[in-house]
Amino acid sequence: MTIGQFDLTDDQREIQELARRFTADRITPFAGEWDEQHIFPRDTIKAAAELGFGAIYVSEESGGIALGRLEAALIMEAMAYGCPSTSAFISIHNMASWMIDRFGSATVKGKYLPALVTMDQLASYCLTEPGSGSDAAALKTRAVRDGDHYVVTGSKQFISGAGENEVYVTMVRTGEDGPRGISALVIERDMPGVSFGANERKLGWHSQPTRQVTFDGVRVPVENLVGHEGDGFRIAMSGLDGGRLNIGACSLGGAQRCLDEAVRYTRDRRQFGKAIADFQATQFTLADMATELEAARALLYVAAAKVTGEAPDKTRFAAMAKRLATDTGSSVVDRALQLHGGYGYLMDYPIERFWRDLRVHSILEGTNQVMRMIVGRELVRE
Ligand code: FAD
Ligand code: 2MC
């Protein structure tokens, strides 16, 4: 879709169909078990890479499939129909890999991207610290230059994939306080001095681990710098422009699944002598769910086109779309749960898993208050 053209192209429909088929075969039948037993589905993730889904917007020169952000959103949305947690995990890998491809030197790209595009190695994105979440530019992990190495000390909090993933695109302080003193470094899991906390016990996102990462005097070659010293915050934020679209898309996909489940369930379930879908109250609820979902999807697709096209207002649109898609997604899933009555609360039906998985999308990759901050301050600045 280009802006002003309100339909997907044939190529976009084809990629969407490919992702839907992959989801139906490889994700949907297993996602309940991954959630319940906290299984990290590395084989399925590797199979996604065979379709190019490990490097969706990485350039072809680096082995990626070089698609736009709308195509990425379509893929994430389709996979989230089966499992939002696994889809979001793949999104984070894509974001970190893209940062290396877009801003890295030939050396750092050559060193890491071949194994990342095939997902033989997986990448994490390390911005948040125990003392700096929303105020990301206050991060304290320090990298001090020592000859042709940086010596990195500090810790990162809530890192998706930590412990499992091999590659950590890490925002570190090489200079002054504030955003301009931050650089982006690629750190490997197996470098001496890297260690991991316990796997966090979470409400949702059970198909992937979340851990603290600690760097204790880790010696990282200077060639692992992504971009120049001081560029790290800008690089981290431009990664998040796309990441936020994908998280929004994961909410749309999860919510669409729950809407479809609710339509099916309310047509089958009978009370007071008829299907509950025959009550107008039910139809009005379903109508609102579908309408709000389509509105959020439309904004997200426009925002995705803006990020692909490097539009000047892309960050604001990505923030608006993330805020609306994640809040709407959770609200749609909540109503789907209500329409299932007591059964919606049981693990026998998938709704409660989506309810738990989508909840965190309003918090991570920037809370929805931070999204409002990004939009609001630009509005009053204009
Ligand atoms: P805080 O910043 O302490 O915020 C607490 C509350 O205060 C929030 O409601 C917030 O919106 C509000 N608030 C803060 N400042 C303001 C303000 N100025 N105005 C209004 N309200 C405000 N991070 C990574 O770097 N990499 C990852 O892979 C990653 N994965 C994650 C996975 C999970 C499961 C979770 C839960 C988090 C993950 N995060 C990751 C961290 C996530 O990005 C942060 O949790 C998030 O940015 C919020 O930071 P915080 O938790 O420190 O909350
Ligand atoms: N693209 C490029 N550059 C950007 C940018 C973007 N989207 N956003 C900001 N910048 C630049 C900005 O232009 C400025 O550059 P300069 O110094 O040249 O003027 C610099 O970065 C600093 O920007 P701000 O002045 O906006 O920085 P501030 O400290 O006020 O706050 C804020 C920015 C609040 C928007 C940012 O800290 C933020 O997004 N916080 C939320 C943190 C977050 O999203 N964490 C997610 C972690 S990842 C995760 O959760 C996962 C699951 C992977």
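Since the structure is predicted, the reported quantities are computational estimates derived from the model, not experimental observations. (Residues numbered from 1 in each chain as written. Chains lettered and ligands numbered in written order. Predicted model: local features only at pLDDT ≥ 70, side-chain atom pairs only at ≥ 80, totals over all residues. Heavy atoms only, no water.)

1. Section: the UniProt feature "domain: Acyl-CoA oxidase/dehydrogenase middle" (unreviewed entry) in the protein
Here's step 1: With numbering matched to this structure, UniProt assigns "domain: Acyl-CoA oxidase/dehydrogenase middle" (unreviewed entry) to residues 125–218.
Here's step 2: As annotated, residues 125–218 has a helix share of 0% and a strand share of 48%, and its two end C-alpha atoms lie 17 Å apart. (UniProt positions renumbered as here; feature names shortened; annotations may be inferred. Helix = DSSP H or I, 4+ residues; strand = E, 2+ residues; numbered from the N terminus.)

2. Section: the site of ligand 2
Here's step 1: Around ligand 2 lies a shell of 25 residues, among which Ser-134, Arg-180, Arg-244, Glu-365 and Arg-377 are the nearest.
Here's step 2: Side-chain polar atom of Arg-244 to an oxygen atom of ligand 2: 2.8 Å apart, as the coordinates give it.
Here's step 3: Here Thr-315 contributes a side-chain N or O atom positioned 3.1 Å from a nitrogen atom of ligand 2.
Here's step 4: When ligand 2 sits alone it has 1100 Å² of accessible area, and the protein chains cover 73% of it.
Here's step 5: Put simply, the parts of the chain that give the shell around ligand 2 at least two residues each are helix 5 (84–103), helix 7 (232–268) and helix 11 (368–381).
Here's step 6: The element that contributes the greatest number of residues to the shell around ligand 2 is helix 7, accounting for seven residues.
Here's step 7: Here the residues of the shell around ligand 2 sort into 13 nonpolar, six polar and six charged. (Near = heavy atom within 4 Å. Polar contact = N/O pair within 3.5 Å; in protein donor to acceptor, adjacent residues only side chain to side chain. Areas by Shrake-Rupley, 256 points an atom, 1.4 Å probe, with all protein chains shown as cover. Nonpolar A, V, L, I, M, F, W, Y, C, P; charged D, E, K, R; others polar.)

3. Regarding the pattern of salt bridges
Oppositely charged side chains can form a pair if their charged atoms are brought close together.
Here's step 1: Within the structure shown, the criterion is met by 20 salt bridges.
Here's step 2: Of the charged contacts in the structure, one is a salt bridge between Lys-46 and Asp-120, with a shortest N-O distance of 3.4 Å. Taken together, the residues Lys-46 in helix 3 (residues 42–50) and Asp-120 in the loop between helix 6 (106–117) and strand 1 (123–126) connect sequence positions 74 residues apart.
Here's step 3: Residue classification places Lys-46 among the partly exposed residues on the basis of a relative accessible area of 28%.
Here's step 4: The exposure class of Asp-120 is partly exposed, given its relative accessible area of 45%.
Here's step 5: The closest approach of N and O atoms between Asp-231 and Arg-234, which form a salt bridge, is 3.7 Å.
Here's step 6: One network of salt bridges, in which partners are shared, links Asp-35, Glu-352 and Arg-356. (Salt bridge = Lys/Arg side-chain N within 4 Å of Asp/Glu carboxyl O. Buried < 20%, exposed > 50% of the residue type's maximum accessible area, 1.4 Å probe, protein only.)

4. Some words on the domain arrangement of the protein
Here's step 1: Its domain assignment divides the protein into domain 1 (10–117), domain 2 (123–232) and domain 3 (234–381).
Here's step 2: If you average the C-alpha positions of domain 2 and of domain 3, the two centres end up 30 Å apart.
Here's step 3: Counting from both sides, the interface comprises 12 residues of domain 2 and, opposite them, 14 residues of domain 3.
Here's step 4: Contact with domain 3 buries surface across domain 2, with Leu-203, Trp-205 and Asp-231 losing the most and accounting together for 50% of the total.
Here's step 5: Taken together, domain 2 and domain 3 are joined by one salt bridge. (Domains from an automatic or database assignment. Contact = heavy atoms within 4.5 Å. Buried area = accessible area lost by both parts, 1.4 Å probe.)

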